[in-house]
Amino acid sequence: MALFTCKYFCFIVALFAISLKLCYCHNKTHWNDAGITWYGEREGFGSSGGACGYGDAVAKPPYNCMISAGGPSIYQDGKGCGTCYEVVCHHPFCTQRPVKVMISDECPGCTKSAVHFDLSGRAFGALAKPGQGDQLRNLGELKVKYKRVFCEHPNSKIAIHIDPGANPYYMSFAVKFVNGDGNFECVEVKPAGETYIKMEAMRSAVWKLNAGRALKGPFDVRLTSAVTKTVLVAKCVIPEKWSPGAIYHSHVNFAVPKFVHKKPVHKKPVHHKPIHRKPIHHHKPIHPKPIHRNPIHRKPIHRKPILRKPIHHRKPMHRKPIHRKPIHHKPCHHKPPHHKPPHKTHK
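The shown structure was predicted, so the numbers you read here are calculated from the model rather than taken from an experiment. (Residues numbered from 1 in each chain as written. Predicted model: local features only at pLDDT ≥ 70, side-chain atom pairs only at ≥ 80, totals over all residues. Heavy atoms only, no water.)

Time to look at the nonpolar core. If you look at the biggest cluster of nonpolar residues, it comprises 40 residues, and the most contacted ones within it are Ile36, Tyr54, Tyr63, Phe117 and Leu119. Listing elements by their share of this core, those giving two or more residues are strand S1 (32–39), strand S2 (67–70), helix H2 (72–75), strand S3 (84–88), strand S4 (99–106), strand S5 (116–120), helix H3 (121–125) and strand S6 (142–149). Counting contributing residues, this core receives three or more from each of domain 1 (32–149) and domain 2 (159–249). If near-sequence neighbours (up to four positions away) are discounted, Ile36 is found in contact with Val87, His116, Phe117, Leu119, Phe124, Leu127, Gly140, Glu141, Leu142 and Val144. Ranked by size, the runner-up nonpolar core spans 26 residues in total, among them Met171, Phe184, Trp207 and Val237. (Core = buried A, V, L, I, M, F, W, Y, C linked by side-chain atoms within 4.5 Å. Buried < 20%, exposed > 50% of the residue type's maximum accessible area, 1.4 Å probe, protein only. Helix = DSSP H or I, 4+ residues; strand = E, 2+ residues; numbered from the N terminus. Domains from an automatic or database assignment. Contact = heavy atoms within 4.5 Å.)

Here you go:
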């Protein structure tokens, strides 16, 4: 029994620790502490492609090299691909203004801080004041504040980048340019004439489906966002005659929710002036004067006497006596009860 209790307690503690770890990247209202570094070229986009599978799209609009690799608590085995964060630096070389970056790569060795961003060279330099980008990069690792925000890629629609290894029996693709949450809880594909089939998440932004049979297009793709649980359908986004490695653009994208954080209103204390009231003097008792009314003299009413006719007594009515015959009742003769002899039993 003691062994069972110990195992149960350890299991609860482990769940609590995991929940605390996941809370780092889902706090949208408060700034939290993190560490940052940079990699790649000084004004570059880090590394081409990255672990999320976006390829060279990170160097083009709408990403424009404003990307970052995430440590284990941010990358989350690929579930953090496509999420966006704001990072602000308070060093004297920094502008003190937040910079938005998207997670497109993994940084397995970034474990010095609980949360770590390995920014591209351009994103790291965007934190610095004009002309001090190189001086800020030379400082190495910095301590910053960060928070999770919604992604916003202006004038962009969701694109499906087919994996080069895809075929009719094995469908796999990456979803790009996603507004809102940036990542997904569920991705489903609907072949022509069939129902939706749930795909499997890989350790990246790529989703795959081993159908075991040839799937025919065109394909609808249904996306469910990870945080807001919003569902979006890109109809016929993958054509009937698709090819591996191609990029197909849809006509839809998630809306960008806007959080309005109101500043706390500090009201000035209101000092009320004391109200000085005049003392109330008790009035003298009021004795009402008696009211003398004149007597009312009414005239006597003389009524005529009512003359009623005399009532004549009626003559007495003499009724004949009724002679009834006497009723002679016969005497009741009761028969004695008849007792049966006891029944004899034969021995």
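Next comes the rest of the description.
Bringing the state of the cysteines into the picture now. Within the structure shown, the criterion is met by 4 disulfides. Paired through a disulfide, Cys52 and Cys81 show a sulfur-sulfur distance of 2.0 Å. When the S-S torsion is -85 degrees, as for the bridge of Cys52 with Cys81, the disulfide is left-handed. Within this pair, whereas Cys52 is found in the loop between S1 and S2, its partner Cys81 is found in the loop between H2 and S3, the two being separated by 29 residues in sequence. Through a disulfide, Cys84 is tied to Cys151; the S-S separation comes to 2.0 Å. Taking the torsion about the S-S bond as the criterion, the Cys84 to Cys151 disulfide, at about 110 degrees, is right-handed. Linking Cys84 in strand S3 with Cys151 in the loop between S6 and strand S7 (159–162), this pair joins segments that are 67 residues apart in sequence. (Disulfide = S-S within 2.5 Å.)

Our focus in this paragraph is the sheet that holds S5. Around the barrel, which closes on itself, the 6 strands sit in the order S1-S5-S2-S4-S3-S6 with mixed pairing between neighbours. Between one strand axis and the next, the sheet turns by 50 degrees as a mean value, whatever way the strands run. Both S2 and S4 contribute to a ladder of 4 bridges, which runs parallel. Paired with Ser68 across the two strands is Ile103, which belongs to S4. (Pairing = 2+ DSSP bridges. Axes fitted to C-alpha atoms, helices over the stretch in contact; angles between N-to-C directions.)

Here we take up the packing of aromatic side chains. Inspection of the entire model under this criterion finds 6 aromatic pairs. Relative to Phe177, the ring of Tyr63 lies with its centre 5.3 Å away and its plane at 45 degrees, an arrangement referred to as tilted. Separated by 114 residues along the polypeptide, Tyr63 in the loop between S1 and S2 and Phe177 in the loop between strand S8 (170–176) and strand S9 (184–190) bring together distant segments of the chain. You can call Tyr63 buried: its relative accessible area is 4%. An angle of 55 degrees between the planes, with centres 6.1 Å apart, marks the rings of Tyr85 and Tyr146 as tilted. Taken together, the residues Tyr85 in strand S3 and Tyr146 in strand S6 connect sequence positions 61 residues apart. Residue classification places Tyr146 among the buried residues on the basis of a relative accessible area of 0%. The aromatic ring of Trp38 is capped on one face by Arg137, whose charged end is 6.0 Å from the ring centroid. Taking the ring centre of Tyr196 as reference, the NZ or CZ of Arg222 above it sits at 3.9 Å. (Phe/Tyr/Trp six-rings, centres within 6.5 Å; stacked < 30°, edge-to-face > 60°. Lys NZ or Arg CZ within 6 Å of the ring centre and 35° of its normal.)

Below, the discussion takes up the pattern of salt bridges. Applying the stated rule across the entire model yields 9 salt bridges. With a shortest N-O distance of 3.3 Å, Arg203 and Glu106 are connected by a salt bridge. Highlighted residues: Arg203 in the loop between strand S11 (200–201) and strand S12 (206–210) and Glu106 in strand S4, separated in sequence by 97 residues. For Glu106, a relative accessible area of 25% puts it in the partly exposed group. (Salt bridge = Lys/Arg side-chain N within 4 Å of Asp/Glu carboxyl O.)

Remember that the coordinates give geometry; whether it matters functionally is a separate question.
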